[in-house]
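# Topology and contacts: notes
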Amino acid sequence: DLAGLFLIIGVERTAMNPDLQRRLMAIRPGGIILVARNLLNAPQVAAFCRDLHSALPVPPFLAIDQEGGRVSRLKGILPPIPANLSLARAAGADALVRDHGGQTGRALALLGFNLNFAPVLDLSEAESPNGIGDRAYGADPEEVSRLARIFLEAQAAAGIPGCGKHFPGLGGGRVDSHLDLPRIHRSAEEIWREDL
């Protein structure tokens, strides 16, 4: 019974039904991630989150990938959000990132989520062929860490914990990991100094 608590699973539905309820009770996951196929509009998302939260004896994490930019699972529900690299390069980046984190956290909390798989902590530039590109705050580890902390603190102040990704150093890849298996050609010293 406890093994499921270590899992975060996806579901195919947009609403609770008896089949989904049975599956959830059989697995008893610790979390459920909702992706674009699960998200139609704000009332539907809020109702689905509420039903998922109450469907299990141990209320699950209700997670989403809401980074902003290209990875915005709530397109059409929330207004467009600039990519992290755009925020990092803008004048007043700290305030923009703080505002992004706070608004993201408040929106997710209103919809019923309690975990966001963001921000991206990879080191990458827009032109990188690794699938990360403008999803990252840049290639400088100190600047990425600083801006990520601002985002996480603002989002957490709204009641939503974040989860930095990806590990280890996906930004060092030369291919998009959604399409092929990248190899990270960095020494252990480089990984510790930059990516970690």
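Right above here is the structure, for reference.
Anyway, here's the lowdown on the structure attached to this text. Not measured: the values here are computed from a predicted model.

Right, let's get into the sheet that holds strand β6 (residues 115-116). Reading across from one edge, β1-β2-β3-β6 is the order of the 4 strands in this open sheet, with parallel pairing throughout. Of all the strands in the sheet, just β1 (8-10) and β6 have a single pairing partner and so form its edges. Sheet topology places strand β3 (residues 61-64) next to β6; 2 bridges connect them, and they run parallel. From the neighbouring strand, A63 faces β6, where its bridge partner is L115.

In the structure shown here, the tally under the stated rule is 16 salt bridges. Two residues, D65 and R73, come together in a salt bridge whose shortest N-O distance is 3.8 Å. Between D134 and R70 there is a salt bridge, with its nearest N and O atoms 3.0 Å apart. Taken together, the residues span a long stretch of sequence, with D134 in the loop between β6 and α5 (141-157) and R70 in the loop between β4 (66-68) and β5 (71-72) at a distance of 64 residues. By relative accessible area, which is 23% here, D134 ends up partly exposed. Relative accessible area serves as the criterion here: at 46%, R70 is assigned to the partly exposed category. A cluster of three or more residues bridged by salt bridges with shared partners is formed by D65, E67, R73, R135 and K165.

Our focus in this paragraph is the nonpolar core. Counting residues in each nonpolar core, the largest one holds 21 residues, and the members touching the most others are L24, I32, L34, L39, L52 and F113. Elements supplying a minimum of two residues to this core: α1 (18-27), α2 (42-54), β3 and α4 (93-111). Looking at this core, the element that brings in the most residues is α2, giving 4 residues. Excluding residues within four positions of it along the chain, L52 makes contact with M16, L20, L24, I32, L34, P60 and L62. Listed in part, the 11 residues of the second largest apolar core include A88, L123, A148 and F151.

Another point: the environment of V144. Secondary-structure assignment places V144 in helix α5. Using a relative accessible area of 2% as the deciding quantity, one classes V144 as buried. Sequence-wise, V144 and L121 are 23 residues apart; in three dimensions their C-alpha atoms are separated by 6.5 Å. In this view, V144 contacts V120, L121, D122, L123, Y137 and G138; residues no more than four positions away in its chain are not counted.

Looking now at the packing of α4 against α5. It is the contact of α4 with α5, at a shortest axis distance of 7 Å, that shows an interaxial angle of 35 degrees. Between α4 and α5 the crossing geometry is right-handed. Residue-level inspection shows D94, V97, R98, H100, G101, G102, T104, G105 and L108 of α4 in contact with α5, the latter providing R146, L147, I150, F151, A154 and Q155. Here the residues of the contact of α4 with α5 are counted per class, giving 6 nonpolar, 6 polar and 3 charged.

Criteria and cut-off values
- Residues numbered from 1 in each chain as written.
- Predicted model: local features only at pLDDT ≥ 70, side-chain atom pairs only at ≥ 80, totals over all residues.
- Heavy atoms only, no water.
- Pairing = 2+ DSSP bridges.
- Helix = DSSP H or I, 4+ residues; strand = E, 2+ residues; numbered from the N terminus.
- Salt bridge = Lys/Arg side-chain N within 4 Å of Asp/Glu carboxyl O.
- Buried < 20%, exposed > 50% of the residue type's maximum accessible area, 1.4 Å probe, protein only.
- Core = buried A, V, L, I, M, F, W, Y, C linked by side-chain atoms within 4.5 Å.
- Contact = heavy atoms within 4.5 Å.
- Axes fitted to C-alpha atoms, helices over the stretch in contact; angles between N-to-C directions.
- Left-handed = near helix turned anticlockwise from the far one by under 90°.
- Nonpolar A, V, L, I, M, F, W, Y, C, P; charged D, E, K, R; others polar.

Purely geometric numbers; function is a separate question.
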